[in-house]
Each structure stands twice: as structure tokens, then as C-alpha cells.
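Residues per chain, in single letters:
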Amino acid sequence: MNATIAARVNILFASETENAEDWIPLLERSLPRDRILLRPEAPIDVALVATPPPGTLENLRGVKLIQSLWMGVEKLLADPALPKGVPLARLVDPGMVAAMSETVLAHVLDWHRQHYAYRAQQHERRWHRHRQYLAADRTVGLLGLGELGSDAARKLLALGFNVAGWSRRPKAIEGVKCSTDLRSVASMSDALVCLLPLTSQTKDVLNASVLGKIKKGGCVINLARGGHLVDGELIAALDSGHLAHAYLDVFEPEPLPADNALWRHPKVTLTPHAAALTDARTAVPRIVENIERLRSGRPLLNVVDVERGY
Ligand code: NAP
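Just so it is clear, the structure is predicted and the values come from calculations on it, not from any experiment.

Enquirer: What is the right way to look at the domain arrangement of the protein chain in this model?
Expert: Interface size is commonly expressed as the accessible surface area that is lost when the partners come together. Domain assignment breaks the protein chain into domain 1 (10-93 + 278-296) and domain 2 (95-270). Taken over C-alpha atoms, the centre of domain 1 sits 32 Å from the centre of domain 2. In this complex, domain 1 contributes 9 residues to the contact, which on the side of domain 2 involves 7 residues. When domain 1 packs against domain 2, close to 750 Å² is buried across both sides, 62% of that on carbon and sulfur atoms.

Structure representation (C-alpha cells):
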């Protein structure tokens, strides 16, 4: 049971990255009896946060719920000012989950249909057709079989790919070769997709050893966090010809500095942490659900396990 809260609550919206104009009208319409504040000018019951302005977390005495506006919460967990003993819920936004699966499919298909190679050939005006593979010839390995990984798995299966997946605890997803052994998943993969939370256990998981197990001519797709990838070891795997291409959305640090070699590497396709953005239209109903649960003392959804780190 959670602590129940007053019928009318003060909700702080605190984000340097999310546009308040997209959120406030939807929140006000969905929570008409509550007060939505942009500054902690009254005692706050619920804080909605994504990269909150400096000093925000220090001013949340008495807060009952911290609701992230993002799916990944590693930065909030690492902030010493995060109030202790207060539930931190991460956002599971169906619009964002759908967007992420679209990005996974876009990159897997770009590699599978060899468009990365045809784009390079177009620059050279070279007419050369590559051998065609069927989706059934390929195995896509998913690191992480949570909200994002399991949705991507279903959509890849629907296209006819073989799908393998790695999770911390044993899992059963129809049609997916699920395993808790990273080496076995990497070894059967032609394309390896990272959809893991960043924790002390998953940092640097895309290293020379794992990249070297992906089948020759394969690709790596990192859509989770920059801290999962050892950049220099990826560049070595691309330059040696072991991997054909890498699709990278996330970096450490962000924005990726202009002098970073990844920007101009011919075998890298790079996007600016845009694989899946929170969409207020699909996220607000999930946030409202958690606030109503808090109001009536029911269990909250998607509460982060602080020890586990996700
Ligand atoms: P989730 O539902 O919590 O799922 C995480 C998955 O990773 C679970 O299957 C979990 O295993 C597995 N896992 C965690 N630690 C592991 C370990 N040590 N060994 C093996 N497997 C491990 O998370 P999600 O909602 O899918 O999101 C994943 C991440 O995507 C987020 O944390 C965020 O960083 C990133 N993200 C990126 C973007 C972007 O635009 N680039 C957008 C949204 C999210 P269990 O099933 O056993 O727990």
C-alpha cells in the first residue's frame, strides 16, 4: 500500500528537455482537480521529471511520487539529491515503445537489405548488386527483453527473422530463443540490438569479446545508452571487416563531440538520441493512472528497483 494523498494534489513538472507546452494542457485536462506547477512554489506531492533543472530534487520534501518522463532512469538514480525512500516510477509510454520498435526494424532492414552498402555505392556511381538473403536466413539478437525488447521481438518475428534474446532472469516469449547467457545470444546473432537499462552490470556490455561473437558481416545496433558500448572496440571490429555496419543512437557524452571519430566513420549510421521520444499524448494517460493509484492507495506501476538499478 502507498501513502494516500489528499484529494487535490500539487504536481510539479520539471524538465529541461521536455517541452512544457506539449504536456501542461494535457495534464490539466486529465487532472482537472489538481494543480500543475512549473516551480516548487507550494509543497509538492508528485514530481514529473526528465533532466530536472538543477536544485529541483533538493526541493521536494514531502513528495510522495517521483514519476520519470523517460523510460531510462540511470541519471536520476545516480543523483545524490534524489529523495530516499520515495517511489521512483519510470515511464512506460506505448507511443515510445512503438517508436523504438520502428527504429529497430528500420536499422535491421537497412542492414538486411544492404541499403547501407547501396548508399555508399551511390556516392561512387557504382552499379553492383549484392547477394540477397531471406529474413529466415538471419538471426537478430536482442539484449534486453523488457518493454522495448519484447515488443521489437514480436515485430521482427512477424517479418520472418529468427529472434534470440538476453535477459537477467529466465524468460519465455513464444518464438524467441530466450537465454540468460550473453555469449550464446551474441554467437547466434547476425544483428545484435542493445535495449538494456544502463546499470553497473550492463555498462560496457558491447565490448570486443561480445562484438567478436556476432557473425561476420553482421551489425550492431545500440539504442539504449552510450555507456553500453566501448567505442574504440567497435571501431576496431568495423575496421577489421568483422562487422559490416553499426547503428548508434546514444553516446557518452551527449551531444557527441564534433571531433569524435564515430561522426565520420563510413560504417557508422548515427542519430542524435532520437530512437524513441516520449510522446505526451500517449504518456499522459499512463502518468494519470499512477497519480490516481497514489490517490487511492493502490500499488503504483513501473516502480524502479533502486538496488537493481532499473
Ligand atoms: P525494461 O522493461 O526494464 O527491460 C530491461 C531488460 O533488460 C529486461 O529484460 C532485463 O532483464 C534486461 N536486463 C537488465 N539488466 C540485465 C543484466 N544484467 N543482464 C541481462 N539482462 C538484463 O526496460 P525497457 O523499458 O525495455 O528500456 C530499456 C532501456 O532503453 C531504458 O533503460 C533506456 O535506457 C533505453 N531507452 C532508450 C531510448 C532512446 O531513445 N534511445 C528510448 C527509451 C528507452 P529481466 O527481464 O530479467 O529484468
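There's more to say after this.
Enquirer: Looking at this structure, I do not really get the nonpolar core. What am I missing?
Expert: Generally speaking, a soluble globular protein has its nonpolar side chains buried in company with each other. Membership of the largest hydrophobic core comes to 34 residues, with the highest contact counts inside it found for Leu 142, Leu 156, Val 193 and Leu 195. Looking at this core, the elements that each hand over two or more residues are α3 (94-112), α4 (115-124), β6 (139-143), α5 (147-158), β9 (191-194), β10 (218-222) and β11 (243-248). No other element matches α3, which puts 8 residues into this core. Ranked by size, the runner-up nonpolar core spans 28 residues in total, among them Leu 196, Ile 214, Ile 235 and Leu 238.

Enquirer: Honestly, the side chain of Ser 68 in this entry has me stumped. Any pointers?
Expert: Examined against the element boundaries, Ser 68 turns out to sit in strand β4 (residues 65-68). Residue Ser 68 is classed as buried on the basis of its relative accessible area, which comes to 2%. Contact partners of Ser 68, with chain neighbours within four places excluded, come to Val 49, Val 73, Leu 76, Ala 89, Arg 90 and Leu 91.

Enquirer: Could you clarify how one ought to interpret helix α1 (residues 20-30) in this entry?
Expert: Residue pairs three or four apart in sequence face the same way in an α-helix, which turns once every 3.6 residues. Considered for burial, the residues of α1 that qualify are Trp 23, Ile 24 and Leu 27. Within α1, the buried residues cover an arc of 100 degrees as seen down the axis, which keeps them to one side. The outward face of α1, more than 90 degrees from its buried face, is lined by the exposed residues Glu 21 and Arg 29. Taken together, the buried residues of α1 touch β1 (10-15), β2 (35-37), β3 (46-50) and α9 (280-295).

Enquirer: Honestly, the state of the cysteines in this entry has me stumped. Any pointers?
Expert: Linking two cysteines covalently via their sulfur atoms produces the bond known as a disulfide. Applying the stated criterion to the full structure yields 0 disulfides. Cysteine Cys 178 is unpaired, with the sulfur of Cys 194 as its nearest cysteine sulfur at 16 Å. In this structure Cys 219 is a free cysteine whose sulfur lies 13 Å from that of Cys 194, the closest cysteine sulfur available. Judged by relative accessible area, Cys 219 falls into the buried class, the value being 0%.

Enquirer: How should I be thinking about the site of the ligand in this particular structure?
Expert: The environment of the ligand is formed by 29 residues, the closest being Arg 90, Arg 169, Lys 171, Leu 223 and Tyr 310. In the model, an oxygen atom of the ligand is placed 2.9 Å from a nitrogen or oxygen of the Leu 145 main chain. Between the ligand and Asp 249 there is a distance of 3.0 Å, counted from a nitrogen atom to a side-chain nitrogen or oxygen. Protein coverage of the free-state accessible area of the ligand, which is 950 Å², stands at 95%. Of all the elements in the fold, those that place two or more residues in the shell around the ligand are α3 and α5. Grouping the constituent residues of the shell around the ligand by class yields 15 nonpolar, 7 polar and 7 charged.

What counts and what doesn't
- Sequence positions are assigned chain by chain, starting from 1 and proceeding in written order.
- Only residues with pLDDT of 70 or above have their local features reported here, since the model is predicted, and side-chain atom pairs are shown and tallied only from 80 upward, although totals for entire chains, interfaces and linings are computed over all residues.
- Note that the side-chain values use all heavy atoms of the structure and ignore hydrogens as well as water.
- Residue ranges for the domains trace back to a domain assignment, done automatically or taken from a database.
- Whether two residues touch is decided by their heavy atoms; if any such pair falls within 4.5 Å, the residues are in contact.
- Defined in terms of a 1.4 Å probe, buried area is the accessible area two parts forfeit on being brought together, summed over both.
- Throughout this description, the term nonpolar core refers to a set of buried Ala, Val, Leu, Ile, Met, Phe, Trp, Tyr and Cys residues connected via side-chain atoms within 4.5 Å.
- Note on classification: 1.4 Å probe, protein chains only; a residue is buried when its accessible area is under 20% of the maximum for its type, exposed when over 50%, partly exposed between these limits.
- Helix and strand assignments come from DSSP, with helices taken as H or I runs of at least 4 residues and strands as E runs of at least 2, each series counted from the N terminus.
- What the arc describes is the spread of directions from the helix axis to the C-beta atoms.
- Note on terminology: disulfide denotes any pair of cysteine sulfur atoms within 2.5 Å.
- If even one non-hydrogen atom of a residue comes within 4 Å of a molecule or strand, that residue is called near it.
- Each polar contact in these results corresponds to two N or O atoms within 3.5 Å; when the atoms are within protein, one needs to be able to donate a hydrogen and the other to accept it, and residues that are neighboring in sequence are counted only if both atoms are side-chain atoms.
- Per-residue accessibility takes into account occlusion by the displayed protein chains alone, with areas from the Shrake-Rupley method and a 1.4 Å probe.
- Charged residues are taken to be Asp, Glu, Lys and Arg, nonpolar residues to be Ala, Val, Leu, Ile, Met, Phe, Trp, Tyr, Cys and Pro, and polar residues to be all remaining types, Gly included.

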